[in-house]
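Now for the letters of each chain:
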Amino acid sequence: RRRLASVTSSAVTARKHTVRLPLLSATMMSTAMWAGHNLSAPNCIDGLAGPPLATFCLSRLNDTSPWLSVQLAPAAAAVGVSHVLVHGRSDCCHNLLSPFEIWVAHAAGDPVANGGVACGPPVILPETATSGPFTVACAGHSGTHVTLRLPGTQRTLNIEDIEVFGQRDRESER
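To start, this report covers the structure provided alongside it. Note that this is a predicted model, so its numbers are computed, not measured. (Residues numbered from 1 in each chain as written. Predicted model: local features only at pLDDT ≥ 70, side-chain atom pairs only at ≥ 80, totals over all residues. Heavy atoms only, no water.)

**What about the packing of aromatic side chains?**
This structure, assessed with the given rule, holds zero aromatic pairs. When the ring centre of phenylalanine 56 is taken as origin, the NZ or CZ atom of arginine 89, which lies over that ring, is 3.6 Å away. (Phe/Tyr/Trp six-rings, centres within 6.5 Å; stacked < 30°, edge-to-face > 60°. Lys NZ or Arg CZ within 6 Å of the ring centre and 35° of its normal.)

So this is what it looks like as structure tokens:
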């Protein structure tokens, strides 16, 4: 297993004051598949991506608009999110991710229902896309949760990791 670097994209390194935000283990998924193994939401924030045995989270198969919400730390403070990196499965299933959306909100769950702000239009990946990571800009939207959502029916959320970047509060640096 390889641990993800705190900055994994050349586009990210150009942002001087942007840091990888800590994520709380309070993650949630719309549904989770067990299949005899723990494939739940915490697997997608453990910092492990890529071969040989990356962990991953998996929603119920053929779900309607499945989502994964991650809580930003500290839980009580809203944070400005600059961008999010989504790591698809490195070993299979590349076609399952597209299209996807990233939302910033003040609660976990379906971001459409809980008043979240989309970080842009749905991301549509080319057929040749592999595991990424795929960067989605969030323009500093403020919230306590970031949610990955796969819009539509017959969808399966199946990723290795999600990383959130933003502006660290000056108080938390002291």
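Back to the text.
**Notes on the pattern of salt bridges**
Counted according to the given criterion, the structure contains four salt bridges. A salt bridge links aspartate 110 to arginine 149, with the nearest nitrogen and oxygen atoms 3.8 Å apart. Within this pair, whereas aspartate 110 is found in the loop between strand S6 (101–105) and strand S7 (117–118), its partner arginine 149 is found in strand S9 (residues 145–149), the two being separated by 39 residues in sequence. For aspartate 110, a relative accessible area of 28% corresponds to the partly exposed category. A cluster of three or more residues bridged by salt bridges with shared partners is formed by Glu101, Asp110 and Arg149. (Salt bridge = Lys/Arg side-chain N within 4 Å of Asp/Glu carboxyl O. Helix = DSSP H or I, 4+ residues; strand = E, 2+ residues; numbered from the N terminus. Buried < 20%, exposed > 50% of the residue type's maximum accessible area, 1.4 Å probe, protein only.)

**A look at the sheet that holds strand S4 (residues 67–71)**
Sheet architecture is open: five strands sit in the order S2-S4-S9-S6-S7, paired in antiparallel fashion. Strands at the two margins of the open sheet, each flanked by one partner only, are strand S2 (28–29) and S7. Two elements, S6 and S7, share two bridges in a ladder whose sense is antiparallel. Bridging from a neighbouring strand, tryptophan 103 pairs with alanine 118 of S7. (Pairing = 2+ DSSP bridges.)

**Topic: the environment of leucine 68**
Mapping leucine 68 onto the fold places it in strand S4. Note on leucine 68: relative accessible area 0%, which makes it buried. With ten residues separating them along the chain, leucine 68 and leucine 58 place their C-alpha atoms 9.6 Å apart. In this structure, leucine 68 is in contact with Met28, Met29, Ala41, Cys44, Cys57, Val146, Thr147, Leu148, Leu157, Ile159 and Ile162, ignoring residues within four places of it in sequence. (Contact = heavy atoms within 4.5 Å.)

**Brief notes about the side chain of arginine 149**
According to the relative accessible area criterion, arginine 149 is buried, its value standing at 12%. In terms of polar contacts, arginine 149 uses its side chain to reach the side chain of serine 65, at 3.3 Å. Reaching out from arginine 149, the side chain makes a polar contact with the side chain of glutamate 101 at a distance of 2.8 Å. The contacts of arginine 149, once residues within four sequence positions are left out, are Ser65, Pro66, Trp67, Phe100, Glu101, Trp103, Asp110, Pro111 and Val112. (Polar contact = N/O pair within 3.5 Å; in protein donor to acceptor, adjacent residues only side chain to side chain.)

**Digging into the state of the cysteines**
A complete count under the given rule lists two disulfides for this structure. Between the sulfur atoms of cysteine 92 and its disulfide partner cysteine 93 the distance amounts to 2.3 Å. Residues cysteine 92 and cysteine 93 are joined through a disulfide that is left-handed, its torsion about the S-S bond being -65°. With its sulfur 2.2 Å from that of its partner, cysteine 119 forms a disulfide with cysteine 138. Because the torsion about its S-S bond is 100°, the bridge between cysteine 119 and cysteine 138 counts as right-handed. Of this pair, cysteine 119 sits in the loop between S7 and strand S8 (134–143) while cysteine 138 sits in strand S8, placing them 19 residues apart in sequence. (Disulfide = S-S within 2.5 Å.)

**Section: the pairing of S9**
In terms of residue burial, S9 counts as a mostly covered element, since five of its five residues are buried. Neither face of S9 is open: one carries His145, Thr147 and Arg149, the other Val146 and Leu148, and all of them are buried. Both S4 and S9 contribute to a ladder of five bridges, which runs antiparallel. Bridging from a neighbouring strand, serine 69 pairs with threonine 147 of S9. Here S6 runs beside S9; their pairing, made up of five bridges, is antiparallel.

**Considerations on the nonpolar core**
In this structure, Leu68, Val84, Phe100, Ile102, Val146, Ile159 and Ile162 are the most contacted members of the largest nonpolar core, which totals 30 residues. Elements represented by at least two residues in this core include exactly S4, strand S5 (79–88), S6, S8, S9 and strand S10 (158–167). Broken down by element, this core gets its largest block of residues, four residues, from S5. For isoleucine 102, the residues in contact, after removing those within four places along its chain, are Val84, Val86, Val117, Ala118, Cys119, Val136, Cys138, Val146, Thr147, Leu148 and Ile162. (Core = buried A, V, L, I, M, F, W, Y, C linked by side-chain atoms within 4.5 Å.)

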